[in-house]
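# An overview of the molecular structure
Listed below, chain by chain, are the residues.
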Amino acid sequence: MSFETVRIFDTTLRDGEQSPGCSMNLSEKLSLARQLEKLGVDVIEAGFPIASEGDFESVSRVAEDLRETTICGLARTGAADIERCAAALERAAKPRIHTFIATSDIHLEHKLRMGRERVLEEVDRAVRQARGYCDDVEFSAEDATRSDWDYLVQVFQAALEAGASTLNVPDTVGYTTPDEYGALIRHLRKNIRGIERTVLSVHCHDDLGLSVANSLAAVRAGARQVECTVNGIGERAGNTSLEEVVMAIKTRPDVFANLETRVRTHEIYPASRLLSSIIGIPVQPNKAIVGANAFAHEAGIHQDGVLKHKLTYEIMTPESIGKTASELVLGKHSGRHAFADRLSELGFELTGEAFETAFRRFKGLADKKKTIFNEDIEAIATDTVIRTDEPYHLENLSVVTGTTATPTATVELAIDGESRTTSAEGDGPVDAVFKAIAELAGSKSELVRYQVNAITGGMDAQGEVAVTLSEGGRRVIGQGAHTDIIVASAKAYVHGLNKLQWHKRRRPVGEPKGI
Ligand code: KIV
Ligand code: ZN
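Residues numbered from 1 in each chain as written. Chains lettered and ligands numbered in written order. Predicted model: local features only at pLDDT ≥ 70, side-chain atom pairs only at ≥ 80, totals over all residues. Heavy atoms only, no water.

## Considerations on the sheet that holds strand β12 (residues 408-415)
With antiparallel pairing, the 3 strands of this open sheet are ordered in space as β11-β12-β13. With one partner strand each, in any of the chains shown, β11 (392-400) and β13 (418-425) form the two edges of the open sheet. On average, each strand axis in the sheet is tilted by 15° relative to the strand beside it, whichever way the strands run. Looking at chain direction, β12 and β13 are connected through 8 bridges and run antiparallel. Bridging from a neighbouring strand, Thr410 pairs with Ser423 of β13. Strands in contact with helix α15 (residues 429-441) are β11, β12 and β13; relative to β12, the strand with the most contacts, it is inclined by about 35°. (Pairing = 2+ DSSP bridges. Helix = DSSP H or I, 4+ residues; strand = E, 2+ residues; numbered from the N terminus. Axes fitted to C-alpha atoms, helices over the stretch in contact; angles between N-to-C directions. Contact = heavy atoms within 4.5 Å.)

Set out below in structure tokens:
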């Protein structure tokens, strides 16, 4: 039997990164991009090069680094956008320029202030310009689902004739429903001449909680590319969740007959964990596929059924998404080889000094903690490796506290390689630590939220702290893990400050980021 491929276009690094608190620095983006290549997605949208120097650099570094996956950059239809995007993709083995313009009357009138004819000219000009740089050009009609269907046919016809090979139909505001979206896809397939020479793509937002259902309805109607993000992160309520689309197609071959994706599903869980440890946003426990409870059978009647035969209540196995039981994976006697293997299984490829640092921290943790879980190893890897190029590093911390003593913290912080120390008093030990760090870093940020989680079970569990910091209208989430909750808090706070600093240091070139 021959199968048709549904391409998976991952936009975690672009649309996903646009959601509040989800910004990533260059090394975080590179780590995630490598995991996405391992996962087997067809296209990685790495950023919006004209938006900022940081975005330009991350698209070009990802393009340089990955050789198997198509690397895509986003550009509006303006000539400068497309030129910048092409420059960022210069060293890509498989580049794609993704250009877009809005097509709904609401956007034309209030945002673009252009007539329909003018937009058609823009589409033609932009796609031709992009084709001058590369063969693989995608065109998106922003707000397609609120656009006039016959006008959409004209727009896509123009894009196709100018040389676009992928035509994307975004539900930008998460407004459509599965029946309606499926009908729109059929309408486009029926009325665009030469449509069989292109791939029809879908891109849904989750404002009504329908993004996955809409994307799957579109696939059933003939769409052959789904744009999505890991854990469904993205603008407002998020984008279509990659893991849900991929596992639905795999689990229901009767519904999605002769269709498959190229995703290696056992890399789904490592990708999900890697993303949430980078951005510091945990996945909700009841999230389909990757939530902590997705495979947990609580009700007695369910447990009884699963013990008798897994198929009674399990439609897919945790192993199929790469989720092995959170068992003891390594201990204090484990050597370099076992540690390297486990890191690699979790999506981290570390070499040289980075590996040695992580290994030393693992040994240090194993001395304090009897059982080392996957989550502990992820925390070490994220903390030591991904964050090496940041300006602030916590060097030392000591705290005096108690029922009668005034909580006092002494903190040593390295700022761009130079160590500084100070002490501060606070309402409690965490408050004192935060005050000392803020003083050393000269930070005016406000602490908006402070959250503590035990990563794994047991008395010696590592604590995972997430802090939300706000400064100048920007919000970031910092994360830290340690067996000592005060140290975890300090690390999370320093991580948050590093993120704010990264935003300050990256100079915007185009309009403000976001679409
Ligand atoms: O939601 C949207 O319309 C987009 C486009 C740029 C594809 O993200
Ligand atoms: Zn979008």
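## Thoughts on the domain arrangement of the protein chain
Annotation of the protein chain at the domain level lists domain 1 (4-279), domain 2 (326-384) and domain 3 (392-504). Here the C-alpha centroids of domain 2 and domain 3 sit 23 Å apart. (Domains from an automatic or database assignment.)

## Digging into the coordination of the zinc ion (ligand 2)
Each protein donor to the zinc ion (ligand 2) is listed here as Asp15 (OD), His203 (NE2) and His205 (NE2); together their distances run 2.0 to 2.1 Å. Positions of the donor residues of the zinc ion (ligand 2) along the chain correspond to the pattern D-x187-H-x1-H. Of this pair, Asp15 sits in the loop between β2 (7-10) and α1 (26-39) while His205 sits in the loop between β8 (199-204) and α8 (211-220), and the two are 190 residues apart along the sequence. With relative accessibility at 4%, the residue His205 sits in the buried group. (Donors = N, O, S within 2.8 Å, 3.2 Å for Na, K, Ca; no water. Buried < 20%, exposed > 50% of the residue type's maximum accessible area, 1.4 Å probe, protein only.)

## A few points about α8
The element α8 is largely enclosed, with a buried count of 8 among its 10 residues. For α8, the complete set of buried residues consists of Ser211, Val212, Asn214, Ser215, Leu216, Ala217, Ala218 and Val219. Packing partners of the buried residues in α8 comprise β7 (166-171), α7 (178-191), β8, β9 (225-228), α9 (242-251) and β10 (259-260). Phi turns positive, to about 120°, at Gly222, one or two residues after α8.

## Regarding the packing of helix α5 (residues 116-133) against helix α6 (residues 149-162)
Helices that pack against each other are described as a pair by the angle of their axes relative to one another and the distance between those axes. Where α5 meets α6, the closest approach of the two axes is 8 Å, and the angle between their N-to-C directions is 25°. Classed by the angle they form, the pair α5 and α6 counts as roughly parallel. For the pair α5 and α6, the sense of crossing is right-handed. Seen from α5, the contacting residues are Arg116, Val119, Leu120, Val123, Asp124, Val127, Arg128 and Arg131; seen from α6, they are Tyr151, Gln154, Val155, Ala158, Ala159, Glu161 and Ala162. Within the contact of α5 with α6, the residues separate by chemical class into 9 nonpolar, 1 polar and 5 charged. (Parallel < 35°, antiparallel > 145°, perpendicular 65-115°, else oblique. Left-handed = near helix turned anticlockwise from the far one by under 90°. Nonpolar A, V, L, I, M, F, W, Y, C, P; charged D, E, K, R; others polar.)

## Brief notes about the sheet that holds β8
Taken in spatial order, the 8 strands of this closed barrel run β2-β3-β4-β5-β6-β7-β8-β9, and their pairing is parallel. Geometrically, the sheet is characterised by an average inter-axis angle of 25° between neighbouring strands, direction not taken into account. Two elements, β8 and β9, share 3 bridges in a ladder whose sense is parallel. Bridging across to β9, Val202 finds its partner in Val226. Those strands touched by α5 are β5 (95-102) and β6 (137-142), and its axis lies near 170° from that of β5. Lying over the sheet, α8 contacts β7, β8 and β9, oriented at roughly 165° with respect to β8.

## Examining a nonpolar patch on the surface
Taken together, Leu447, Tyr450, Val452 and Ile485 make up a surface patch of nonpolar side chains, about 300 Å² in accessible area. Here the nonpolar patch gets 3 residues from one element, more than from any other, and that element is strand β14 (residues 446-454). (Patch = residues over 30% accessible without salt bridge, like charges linked within 9 Å, V, L, I, M, F, W, Y side chains within 5 Å. Areas by Shrake-Rupley, 256 points an atom, 1.4 Å probe, with all protein chains shown as cover. Salt bridge = Lys/Arg side-chain N within 4 Å of Asp/Glu carboxyl O.)

## So, the packing of α8 against α9
For the pair α8 and α9, interaxial distance at closest approach is 10 Å and the crossing angle is 45°. Put simply, α8 runs oblique to α9. In this structure, α8 crosses over α9, and the sense of that crossing is right-handed. Residues Val212, Ser215 and Leu216 of α8 touch α9, and the partners they reach there are Glu244, Val245, Ala248 and Ile249. Its residues assigned to classes, the contact of α8 with α9 comprises 5 nonpolar, 1 polar and 1 charged.

## Observations regarding the site of ligand 1
Around ligand 1 sit Arg14, Asp15, His98, Phe100, Ser140, Glu142, Asn168, Pro170, Thr172, His203 and His205, and that is every residue in its neighbourhood. Thr172 is positioned with one of its side-chain polar atoms (N or O) 2.7 Å from an oxygen atom of ligand 1. Burial of ligand 1 by the protein chains amounts to 97% of its free accessible area of 260 Å². By residue class, the composition of the shell around ligand 1 is 2 nonpolar, 6 polar and 3 charged. (Near = heavy atom within 4 Å. Polar contact = N/O pair within 3.5 Å; in protein donor to acceptor, adjacent residues only side chain to side chain.)

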